Amino acid sequence: MNQILYEHFRDFSSKVYLREAENNNSGLHCHRNMEIVYLVEGEMNGTINGNECFYTADDLILIPSFYSHSFCTKTKSKVIIFIIPYENTYDFYSFFKQNVFDHPLTDKNYNKKIILPLLRFLMPRRDPPFTTNDYVVKGISVAIIGAIINRYPPTTRKNQNMSTITSVLDYIDKNYAKDLTLTNLAELFNYNKDHFSKQFNKLVGQSLSTYINYVRAERVVNMLVQNNFDDKLRIIYNCGFNSPSTFYRAFHARYNKSLKEFFMELKQEEETNPAE
């Protein structure tokens with residue numbers, strides 16, 4: 001069985017990921033954030049949650065949270081890849097917890113006339129209309145998902161274990177500062193502790209404690225930026241870490257660099273690309 005790579009960096013980004021790519025090839029991976037792939041030109045093979053698929057121009061692929069997926073181009077392809085932060089799709093949480101779509105979504109005329117122009121509008125550009133406004137991005141993201149639901153009725157239900165794990169991740173996002181352990185989370189979600197641990201590792205690709213510390217490290221970074229890097233110790237403890245050393249280990253595991261290196265790079269980026 002192929003190893004599934006959990007792309008945790010996707011799930012800790014608050015910005016949409018949107019780009020065009022030629023000859024799309026990617027190994028088997030998953031992430032919590034929803035992904036939409038539009039095949040603009042050519043042909044492409046893919047595997048979605050274990051199901052092999054073949055795509056042609058103007059096919060649309062919607063990949064729900066934690067569905068493993070990979071793509072392979074044998075000749076030529078051009079795609080638009082759109083990955084939407086979880087908070088932008090929260091209104092659809094209940095829907096996607098129970099429903100999925102067949103792959104691919106093959107009403108090519110509808111996709112080309114309705115979905116493609118919305119994706120094109122969001123593509124980065126230098127000329128007006130600019131789409132850097134977060135409210136615009138979120139609104140169009142919701143419109144794209146709504147248009148897909150309007151045209152394509154759901155056909156199957158998600159794996160129950162996956163739905164449970166998604167609920168666990170949602171709980172961690174909201175309660176990261178609390179004392180979160182394998183024991184109390186398994187009890188909260190009515191699971192045997194050992195079974196819960198195995199399911200989490202299988203679907204997320206890392207241990208529960210590692211994931212929790214990744215979330216906490218991300219929150220520390222966000223708060224440090226908001227507070228001009230002041231009150232570091234207070235922020236570390238307020239985000240759920242029991243010591244600075246635990247935070248520094250988690251931070252290095254998450255970002256593969258020291259906190260000092262991270263903020264030096266951030267400062268250099270801000271100096272190179274100052275806000276208008």
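This structure is a prediction, so every number in the text was calculated from the model and none was measured.

For the protein chain, the count of helices and strands is eleven helices and eight strands. In the protein chain, buried positions account for 45% of the 276 residues. Counting only contacts in the protein chain whose residues sit at least 6 apart along the sequence, the fraction spanning at least 24 positions is 72%. Of the roughly 14800 Å² of accessible surface on the protein chain, 49% is carried by carbon and sulfur atoms.

Attention shifts here to the nonpolar core. Within the largest apolar cluster, 35 residues are counted, with the highest numbers of intra-cluster contacts made by Ile172, Leu185, Phe200, Val220 and Phe247. Looking at this core, the elements that each hand over two or more residues are α5 (160–175), α6 (182–188), α7 (193–204), α8 (208–226), α9 (232–238), α10 (244–255) and α11 (259–272). In this structure Phe247 touches Ala217, Val220, Ile236, Phe241 and Leu259, once residues within four positions along its chain are discounted. Formed by 27 residues, the second largest nonpolar core is a distinct cluster that contains Leu18, Ile36, Phe96 and Tyr152.

A positive phi is found at Asn23, a non-glycine position, where the angle reads about 50°. Here Asn23 shows up in the loop between β2 (17–22) and β3 (26–30). The backbone of Asp58 sits at a positive phi, close to 75°, despite the residue not being glycine. In this fold, Asp58 is placed in the loop between β5 (51–56) and β6 (60–63). The class for Asp58 is buried, based on a relative accessible area of 13%.

Attention now goes to the pairing of strand β7 (residues 69–72). Bridging between β3 and β7 involves two bridges; their strand directions are antiparallel. For Ser26, the partnering residue across the bridge sits in β7 and is Phe71. Examined bridge by bridge, strand β4 (residues 34–48) and β7 share four bridges and lie antiparallel to one another. Looking at the pairing, Ile48 lines up with His69 of β7.

We now examine the packing of aromatic side chains. With the rule as written, the count across this model stands at 17 aromatic pairs. Judged by centre distance (5.4 Å) and plane angle (70°), the rings of Phe241 and Phe247 are edge-to-face. The pair formed by Phe241 and Phe247 is uniform in burial state, with each residue classed as buried. Taking the centre distance of 5.5 Å and the plane angle of 90° together, the rings of Phe251 and Phe262 count as edge-to-face. Here the residue Phe251 occupies a position in helix α10, and Phe262 occupies one in helix α11, the gap between them amounting to eleven residues. Each member of the pair, Phe251 together with Phe262, is buried. What links up through ring pairs into an aromatic cluster is the set Phe241, Phe247, Tyr248, Phe251, Tyr255, Phe262 and Phe263. Geometry around Tyr176 places Arg219 over its ring, the cationic atom sitting 5.3 Å from the centre.

This part is about the side chain of Ser70. For Ser70, the position within the fold is in strand β7. Residues in contact with Ser70, not counting those within four places in the same chain, are Ser26, Gly27, Leu28, Asn45, Gly46 and Thr47.

Here is what the cut-offs are and how they apply
- Residues numbered from 1 in each chain as written.
- Predicted model: local features only at pLDDT ≥ 70, side-chain atom pairs only at ≥ 80, totals over all residues.
- Heavy atoms only, no water.
- Helix = DSSP H or I, 4+ residues; strand = E, 2+ residues; numbered from the N terminus.
- Buried < 20%, exposed > 50% of the residue type's maximum accessible area, 1.4 Å probe, protein only.
- Contact = heavy atoms within 4.5 Å.
- Areas by Shrake-Rupley, 256 points an atom, 1.4 Å probe, with all protein chains shown as cover.
- Core = buried A, V, L, I, M, F, W, Y, C linked by side-chain atoms within 4.5 Å.
- Pairing = 2+ DSSP bridges.
- Phe/Tyr/Trp six-rings, centres within 6.5 Å; stacked < 30°, edge-to-face > 60°.
- Lys NZ or Arg CZ within 6 Å of the ring centre and 35° of its normal.

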